[in-house]
Amino acid sequence: ASTSAQSFTGSIVGTVKNSSGEVVPNAEIVITLVQTNKQITVTTNGEGYYVSPPLSVGEYRVEARMTGFRRTVRSGLTIQIQQTLSVDFTLEVGQVAETVEVTAQAQVLETTSSALGKVVDNRRILELPLNSRNVYSLIFLTPGVSGSVGNNYNTMSYSVNGARPTMMDTVIDGVTASFPTVNGFTGISIFPSVDAIQEFKVMGATYPAEFGRSLGSVLNVVFKSGTNQFHGSAYEFLRNSVFDSNNFFENRAGRKLGSFKRSQFGGHATGPIFKDKTFFMGSYEGLRARSFATSIRTVPTVEQRNGDFSKTFNQAGALIRVFNPFTTRASGTGFIRDQFTDNKIPQNLIDPVALNILKFYPLPNQPGDAGTGTNNYAASGSTQTNLDNYDFRIDHRISENQTFFARYSHRYTADVPLKAFPEAITIAEGRVIQENRARNFVAEYTRTLSPNTVLTGRIGFARTLFVFSNQGLGFKPSSLGLPASIDSVVDRQMFPAVGVAGQTSLGGSDHRFNAFMSYPFIATLTRAQGKHNWKYGGEVRLIRVNVWEARNAGQFNFNAGMTQGPNPTAASSSAGYGFASFLL
């Protein structure tokens, strides 16, 4: 782990006195990060007071040394995010070779900062039950938090102390993981695996000025880093409907329990690459969920596809008469038109484009409702949710005064709806698969200029690519017999939107390819002086919202009006039919 000079660190302060209660100036204080043996040395000032530079979260051992006194050691000290531990020493007269060791926690009452917040540590992250293993759900352990947390980039809709959700920021390993979305809300680029997180802190009020861009709250997250010992885990969480029972109402109706399978699996590992020098952390998490789904739709009957509406009835059982719009003529003060003979449309009047579109309607596969024949097509299958999440981090100690770390996180999710049409015509179904491809990166270089001064530079990026993937993409509208010019003027070549009253729709919907990005750069100089830690720095963010959205490749709607009658301006439940209008 590195010594950082930014938002996800802590510090240790204290006073050194002798057994008579007098302060001890110029005492040497050695602070050691237990997991990696990284040491930092500071000295007490004229008032016996010392202040450490910023320290990474973790377990520490602190030693106080002074000629003429026994060496005193305090161990078992844990630093959390944005926490300052108070570790005081009382030195006894003796030889430095003699050691007085105390194993105890330091004072945990925060006396050096007015910031309000709550830390959720790794133990709680691992042990508390989490639906879908979303680590951000644990923010609700913090008082004043309300709202909801989802698993996609635009579903972090929680509020802290009444502030608007758009006013929050999420900082991971010292750089923002947030960005504005296309509609002005706040999105997030990464959802860390539970096993990869060391801890996080929700800061709700009066947090330091370095978090200046956020007006509502800051969620401060830190990943695990490697240590001198190897650690790892592997897991799988399985849900399967074979272990479930059906509910009372479904049993009474004679319906079987729908199939459901959900497997969430993965693992993580941390350890040394070179002892005391280079460390790694790697994590993977996958999710595969399959849910049984059904779809009931209305499609044209074989007779209707041939223009025969002699068996088309309304809910009252009356024949729906179909009138010929080409016979419309003036009659008295209004208009009149004739019904098609035998309620059948002649083949020579059926539009050729309609015949081409008709090929993309599936045939009925069940009788449908009594009388009307609606709901005559049923499809069943599964909806899918797929997720792959990767996190990698390297920490390297360049020298005693220089450290470096870098982390890369990648997340891919896909929500796949039921495929209801046969494979040959599914391009006209209007299905949309939603994908999120998220990336988050941070690299930090830290240089200790003196025992009291630390310089840090950090760069990163947060990016989510949202793909609203229309499965009708690549279809040429002109292949239906529409004018060839339509292919070049639509946003993207897709199956056009065809809406027929009383029938399932074909095609349509958008195709979107949107990217939301933040590129932060941060530089800070931290200096311990007297009883104070001074921090100077700045942050620059380059923010990009790149939007590419294609609308319908043409939209064609048909209702009963074109074939109603005998008065063409008077609607009736027993006259005019949307599919007849479509054929004409």
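Reading guide: rules and limits
- Residues numbered from 1 in each chain as written.
- Predicted model: local features only at pLDDT ≥ 70, side-chain atom pairs only at ≥ 80, totals over all residues.
- Heavy atoms only, no water.
- Helix = DSSP H or I, 4+ residues; strand = E, 2+ residues; numbered from the N terminus.
- Rg over C-alpha atoms; globule rule 2.2 N^0.38 Å.
- Buried < 20%, exposed > 50% of the residue type's maximum accessible area, 1.4 Å probe, protein only.
- Contact = heavy atoms within 4.5 Å.
- Areas by Shrake-Rupley, 256 points an atom, 1.4 Å probe, with all protein chains shown as cover.
- Salt bridge = Lys/Arg side-chain N within 4 Å of Asp/Glu carboxyl O.
- Pairing = 2+ DSSP bridges.
- Axes fitted to C-alpha atoms, helices over the stretch in contact; angles between N-to-C directions.
- pLDDT = per-residue confidence, 0-100.
- Core = buried A, V, L, I, M, F, W, Y, C linked by side-chain atoms within 4.5 Å.
- Phe/Tyr/Trp six-rings, centres within 6.5 Å; stacked < 30°, edge-to-face > 60°.
- Lys NZ or Arg CZ within 6 Å of the ring centre and 35° of its normal.
- Polar contact = N/O pair within 3.5 Å; in protein donor to acceptor, adjacent residues only side chain to side chain.
- Patch = residues over 30% accessible without salt bridge, like charges linked within 9 Å, V, L, I, M, F, W, Y side chains within 5 Å.

## Concerning the overall build of the protein
Here's step 1: Helix and strand counts for the protein come out as 6 helices and 32 strands.
Here's step 2: Here the C-alpha radius of gyration of the protein, 34 Å, is well above what a compact globule of 584 residues would show, namely 25 Å.
Here's step 3: Along the longest, intermediate and shortest principal axes, the C-alpha atoms of the protein span 120 × 50 × 40 Å.
Here's step 4: Counting over 584 residues, the protein shows a buried share of 49%.
Here's step 5: Summarising the internal contacts of the protein: among those between residues at least 6 apart in sequence, 68% fall at separations of at least 24.
Here's step 6: For the protein, the exposed surface amounts to about 26,600 Å²; the carbon and sulfur share of it is 53%.

## Description of the pattern of salt bridges
Here's step 1: Under the definition given, this model contains 21 salt bridges.
Here's step 2: A salt bridge links Asp510 to Arg512; its shortest N-O distance comes to 3.0 Å.
Here's step 3: A salt bridge links Glu539 to Arg541; the nearest nitrogen and oxygen atoms lie 2.7 Å apart.
Here's step 4: For Glu539, a relative accessible area of 32% puts it in the partly exposed group.
Here's step 5: Among the charged side chains, a salt-bridge network with shared partners connects Glu28, Arg61, Glu63, Arg65 and Arg71.

## Points about the side chain of Ser193
Here's step 1: Relative to the elements of secondary structure, Ser193 occurs in the loop between strand E16 (186-188) and strand E17 (197-205).
Here's step 2: Setting aside residues no more than four positions away along its own chain, Ser193 makes contact with Arg133, Tyr235, Ser283, Glu285, Asn389 and Asp391.

## A few points about the sheet that holds strand E2 (residues 28-33)
Here's step 1: Strand order in this open sheet of 5 strands is E3-E2-E5-E6-E9, and the pairing throughout is mixed. Strands at the two margins of the open sheet, each flanked by one partner only, are strand E3 (38-43) and strand E9 (99-103). Taking each pair of neighbouring strands and ignoring which way they run, the sheet shows an average axis angle of 20°.
Here's step 2: Here 5 bridges tie strand E6 (residues 71-79) to E9, and the two strands are oriented parallel to one another. Residue pairing for E9: Thr72 is matched across the bridge by Val100.

## Observations regarding the confidence of the model for the protein
Low pLDDT marks stretches whose predicted atomic positions should not be read closely.
Here's step 1: Residues of the protein with pLDDT of at least 70 account for 92%, and the chain-wide mean is 87.
Here's step 2: In the predicted structure, residues 1-6 sits below a pLDDT of 50 and forms 40 contacts with residues beyond four places in sequence or in another chain.

## Remarks on the nonpolar core
Here's step 1: Phe309, Ile345, Phe360, Phe495, Leu506, Phe579 and Phe582 are the most contacted members of the largest nonpolar core, which totals 39 residues.
Here's step 2: The set of elements that each furnish at least two residues to this core consists of helix H4 (352-358), strand E24 (377-399), strand E28 (497-500) and helix H6 (578-583).
Here's step 3: If near-sequence neighbours (up to four positions away) are discounted, Phe582 is found in contact with Ala354, Ile357, Val498, Val500 and Phe558.
Here's step 4: Counting 24 residues, the second largest nonpolar core, distinct from the first, contains Leu138, Val149, Met156 and Ile197.

## Looking at the pairing of strand E29 (residues 511-529)
Here's step 1: Here 14 bridges tie strand E27 (residues 453-470) to E29, and the two strands are oriented antiparallel to one another. Directly across from Thr456, in E29, lies its bridge partner Thr524.
Here's step 2: Taken together, the 2 bridges between E29 and strand E31 (residues 549-550) define a ladder with antiparallel strand orientation. Counted as the bridge partner of Arg512 is Glu549 from E31.
Here's step 3: Relative to strand E30 (residues 532-546), E29 is paired through 15 bridges, and the arrangement is antiparallel.

## Some points on the environment of Gly307
Here's step 1: Locating Gly307 in the fold gives a position in the loop between helix H3 (302-305) and strand E22 (329-331).
Here's step 2: Placed 272 residues apart in sequence, Gly307 and Gln35 show a C-alpha to C-alpha distance of 79 Å.

## Structural notes on the packing of aromatic side chains
Here's step 1: Evaluation of the coordinates by the stated rule reveals 22 aromatic pairs.
Here's step 2: Relative to Tyr519, the ring of Phe461 lies with its centre 6.2 Å away and its plane at 35°, an arrangement referred to as tilted. Placement of Phe461 in strand E27 and of Tyr519 in strand E29 is noted, with a sequence separation of 58 residues between them.
Here's step 3: By relative accessible area, which is 34% here, Tyr519 ends up partly exposed.
Here's step 4: By the ring-pair criterion, three or more aromatic residues cluster together here, those being Phe309, Tyr361, Phe558, Tyr577, Phe579 and Phe582.
Here's step 5: Over the ring of Tyr235 we find Arg133; its NZ or CZ atom is 4.1 Å from the centre of that ring.
Here's step 6: Its end group placed over the ring of Phe468, Arg512 keeps NZ or CZ at 4.6 Å from the ring centre.

## A short note on the side chain of Ser295
Here's step 1: Tracing the backbone shows Ser295 in strand E21 (residues 278-297).
Here's step 2: Here Arg297 takes part through its side chain, which lies 2.8 Å from a polar atom of the side chain of Ser295.
Here's step 3: The contact partners of Ser295, leaving out residues within four places of it in the chain, are Tyr377, Ala378, Ala379, Leu418 and Ala420.

## Description of a nonpolar patch on the surface
Here's step 1: On the surface, Leu449, Leu455, Leu525, Trp534 and Tyr536 cluster together to form a nonpolar patch covering roughly 470 Å² of accessible area.
Here's step 2: Of note, Tyr536 is situated in strand E30.
Here's step 3: Looking at Tyr536, the relative accessible area reads 45%, which means it is partly exposed.

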